[in-house]
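Results of the structural survey
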Amino acid sequence: MTRRPDRKPLHLNAFLMSVGHHEAAWRLPESPASGGTDIAHYQNLARIAERGRLDSLFLADSPVLMGDPGRRPANKLEPTVLLTALAAVTEHIGLIATASTSYNEPYNLARRFASVDHVSGGRAGWNIVTTAGADAARNFGLDDTPLHRDRYLRAAEFVDVATKLWDSWADDAVIADKESGVHARADRVRRFEHRGRYFRVDGPLNVQRSPQGYPLLVQAGSSEDGKDFAARYAEAVFTAQQTLEEAVAFSKDVKQRAVGFGRDPEGIKILPGIVPVIGDTEEQARALDDELDRLIRPEYAVRQLSKTLRVDPATLELDRELPADIPGEDEIEGAKSRFTLIVELARRERLTVRQLIGRLGGGRGHRTFAGTAEQVADTIEHWYDAGAADGFNIMPAVLPSGLELFVDRVVPILQERGLFRTEYTGRTLREHYGLPRPANRLFDTVDAAAGHLGIALTEVS
Ligand SMILES: Cc1cc2nc3c(=O)[nH]c(=O)nc-3n(C[C@H](O)[C@H](O)[C@H](O)COP(=O)(O)O)c2cc1C
């Protein structure tokens, strides 16, 4: 492929999932037995990703024991706590953690992310999720998942309140004037008295505005409501796309919706996932992929698939295609877009349940690509040039080796092609993604100056 210096820079995020995204990765000799809670393991991964000059690393999360602990490592550290330990051993790389808007309150979470942004010197990002699944609901006094629509309505109000909290301190509030004895100017710290459908919050936050203003806002749902939410709030979007055509359509769709909300389409970065399985030769890469698939325990995988598809496991026969009577997406209150992706993948390629389990084993619906470093770089470049992505969510099947191979073999090819940075030029996570620092809605904007925010602003004495 040719070097074209005119191209926009590509963005790369390392999605770190304990010992790797493949569900059988933990069975390989290299995997630490306690990968999910091993801080040295995560710190090693963060340093490797930073060595590759990646924009960011990302930790997924759900407030529930996900899946079957018999099947794969399911215990894990709380991700914002983990990020602070990663911030301490890195200097540049962005640090993104997932937190649920359904099972948190805005004040606690806004405080936690503002703290991570301070601790890391402006490298924090929040992957905003609404948390699908009744298991999680039952940890919070509910019998079932709140309805999909309601979850997204709550998420929108949640983000609105969180940004007000982050904006409740003007950037110049703290003056620490020892002479006059004024630490922070009272007129630059405000209550805002939010009264909404889901939340009543007065503010202000007890943490001053952070280096980035507030964390980078990331989103990962791809249903209609999910795309609207992303278009309105997200600065980066993680997404699972199996084909180039679908990815191009998704990116266009989300960016057009963003324009509909009065936003610059360049202000929202689309990052589809890829599970790269890298070998010296294509055959070697495929052999590793096959070896991993052979280590999957089908009885566990079928149970998981039946849960995702909301069908009786007895109807899933390993050597037959999916049964005809799978519910429609409109009947799903959990993760709608992932459900549709899996059903369409199985139907399009006429996969048996066994084959489908193999395809999902690597990345739970994300695209797995087995090949040489050159071939991985080619597919990244191809999707990027076709307008399917502003960058990629790199999801190594096995950690740490998959990340090391990506950083040491694929990144240099992307750099050589002029597609990826050779040094960090920015300091904050937003600077890595080429995104502007957000204005303070309570203090900096014309509307705020005129008092037209539609919320009561009260000075704090
Ligand atoms: C790369 C990626 C990472 C995700 N990480 C999480 C996560 O950590 N926690 C979570 O609850 N959901 C996570 N999701 C799921 C989404 O938040 C969402 O529930 C799912 O895509 C379905 O959304 P939808 O109902 O809008 O289609 C992730 C999705 C993607 C594509």
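Residues numbered from 1 in each chain as written. Predicted model: local features only at pLDDT ≥ 70, side-chain atom pairs only at ≥ 80, totals over all residues. Heavy atoms only, no water.

The name an unreviewed UniProt entry gives the chain is N-acetyl-S-(2-succino)cysteine monooxygenase, with Actinacidiphila cocklensis as the organism. According to the UniProt record, the Sequence similarities (unreviewed entry) comment for the chain is "Belongs to the NtaA/SnaA/DszA monooxygenase family." (UniProt positions renumbered as here; feature names shortened; annotations may be inferred.)

The subject of this paragraph is the overall build of the chain. Summing up its helical and strand segments, the chain has 15 helices and 15 strands in all. Over its C-alpha trace the chain gives a radius of gyration of 22 Å, about what one expects of a compact globule, namely 23 Å for 461 residues. Here the C-alpha coordinates of the chain stretch approximately 75 × 50 × 40 Å along the principal axes. Classification of the 461 residues of the chain by burial places 55% in the buried group. Taking the contacts inside the chain whose residues are at least 6 apart along the sequence as the reference set, 77% of them involve residues at least 24 apart. (Helix = DSSP H or I, 4+ residues; strand = E, 2+ residues; numbered from the N terminus. Rg over C-alpha atoms; globule rule 2.2 N^0.38 Å. Buried < 20%, exposed > 50% of the residue type's maximum accessible area, 1.4 Å probe, protein only. Contact = heavy atoms within 4.5 Å.)

Our focus in this paragraph is the nonpolar core. Ranked by internal contacts, the top residues of the largest apolar core, which has 75 residues, are L12, W126, W166 and F392. Looking at which element gives the most residues to this core, the answer is helix 5 (residues 148–166), with nine residues. Excluding residues within four positions of it along the chain, W166 makes contact with A110, F113, A114, W126, L205, R209, G213, Y214, P215 and L217. (Core = buried A, V, L, I, M, F, W, Y, C linked by side-chain atoms within 4.5 Å.)

Between two aromatic rings, the relevant description is the distance of the centres plus the angle of the planes. One pass over the full model with this rule turns up eleven aromatic pairs. Relative to F140, the ring of Y103 has its centre 4.6 Å away and its plane inclined at 15 degrees; by these criteria the two rings are stacked. Here F140 lies in the loop between helix 4 (134–137) and helix 5 and Y103 lies in the loop between strand 3 (94–100) and helix 3 (106–119), a separation of 37 residues in the sequence. The exposure class of Y103 is buried, given its relative accessible area of 10%. Judged by its relative accessible area of 38%, F140 falls in the partly exposed class. An angle of 90 degrees between the planes, with centres 5.5 Å apart, marks the rings of F158 and F199 as edge-to-face. Of the two residues, F158 sits in helix 5 while F199 sits in the loop between strand 8 (194–195) and strand 9 (200–201), which places them 41 residues apart along the sequence. A relative accessible area of 0% places F158 in the buried class. A residue is classified by how much of its surface remains accessible, and F199, at 2% relative accessible area, is buried. (Phe/Tyr/Trp six-rings, centres within 6.5 Å; stacked < 30°, edge-to-face > 60°.)

Not every one of the 25 residues close to the ligand is listed here, only the nearest: D61, H148, Y152, S223 and S337. At 2.7 Å from an oxygen atom of the ligand is found a side-chain nitrogen or oxygen belonging to H148. When the ligand is considered free in solution it has 620 Å² of accessible area, and contact with the protein chains removes 91% of it. Put simply, the parts of the chain that give the shell around the ligand at least two residues each are strand 4 (124–129), helix 5, strand 11 (236–239) and helix 10 (336–348). At three residues, helix 10 tops the list of elements feeding residues into the shell around the ligand. For the shell around the ligand, a count of residues per class yields nine nonpolar, 13 polar and three charged. (Near = heavy atom within 4 Å. Polar contact = N/O pair within 3.5 Å; in protein donor to acceptor, adjacent residues only side chain to side chain. Areas by Shrake-Rupley, 256 points an atom, 1.4 Å probe, with all protein chains shown as cover. Nonpolar A, V, L, I, M, F, W, Y, C, P; charged D, E, K, R; others polar.)

Our next topic: the pattern of salt bridges. Any two side chains of opposite charge can pair if their charged atoms end up close together. A complete count under the given rule lists 39 salt bridges for this structure. The salt bridge partner of R417 is E374, with a shortest N-O separation of 3.2 Å. Highlighted residues: R417 in the loop between helix 13 (401–416) and helix 14 (429–432) and E374 in helix 12 (residues 373–385), separated in sequence by 43 residues. The exposure class of R417 is buried, given its relative accessible area of 6%. Of the charged contacts, one joins R417 and E381 as a salt bridge, the two residues approaching to 2.7 Å between their closest N and O atoms. Taken together, the residues R417 in the loop between helix 13 and helix 14 and E381 in helix 12 connect sequence positions 36 residues apart. Classification of E381 by relative accessible area gives buried; the value is 1%. Taken together, the shared-partner salt bridges connect K8, K255, E266, K269 and D390 into one network. (Salt bridge = Lys/Arg side-chain N within 4 Å of Asp/Glu carboxyl O.)

Taken as a whole and judged by the stated rule, the model has one cavity of 30 Å³ or more. Counted as a void, the largest cavity has a volume near 80 Å³. Considering the residues around the largest cavity, the lining is formed by F15, L16, M17, S18, G36, Y42, L59, A60, K76, L77, P79 and L82. A class-by-class count of the residues in the lining of the largest cavity yields nine nonpolar, two polar and one charged. (1 Å grid on protein atoms, 1.4 Å probe; cavity = no way out; pocket = protein on both sides within 12 Å on 5 of 7 lines; lining within 4 Å. Points joined across faces, edges and corners; volume = space filled by probe spheres on them.)

In this section: unusual backbone geometry. Residue P204 follows G203 across a cis peptide bond; omega there is -5 degrees. Within the secondary structure layout, P204 lies in the loop between strand 9 and strand 10 (216–219). Following L399, the chain continues into P400 via a peptide bond in cis, with omega recorded as 10 degrees. Examined against the element boundaries, P400 turns out to sit in the loop between strand 14 (391–394) and helix 13. The backbone of T131 sits at a positive phi, close to 60 degrees, despite the residue not being glycine. Residue placement: T131 occurs in the loop between strand 4 and helix 4. Of note in this structure, E193 is not a glycine but carries a positive phi near 50 degrees. Looking at the secondary structure, you find E193 in the loop between strand 7 (190–191) and strand 8.

Another aspect to go through is the layout of surface pockets. When its volume is computed, the second largest pocket comes out at roughly 410 Å³. Along the wall of the second largest pocket there are 17 residues; nearest its centre are Y214, L217, R232, Y233 and R263. Those elements that provide at least two residues to the lining of the second largest pocket are helix 5 and helix 6 (224–233). Here the element with the most residues in the lining of the second largest pocket is helix 5; it accounts for three residues. Here the lining of the second largest pocket is built from residues that sort into eight nonpolar, three polar and six charged.

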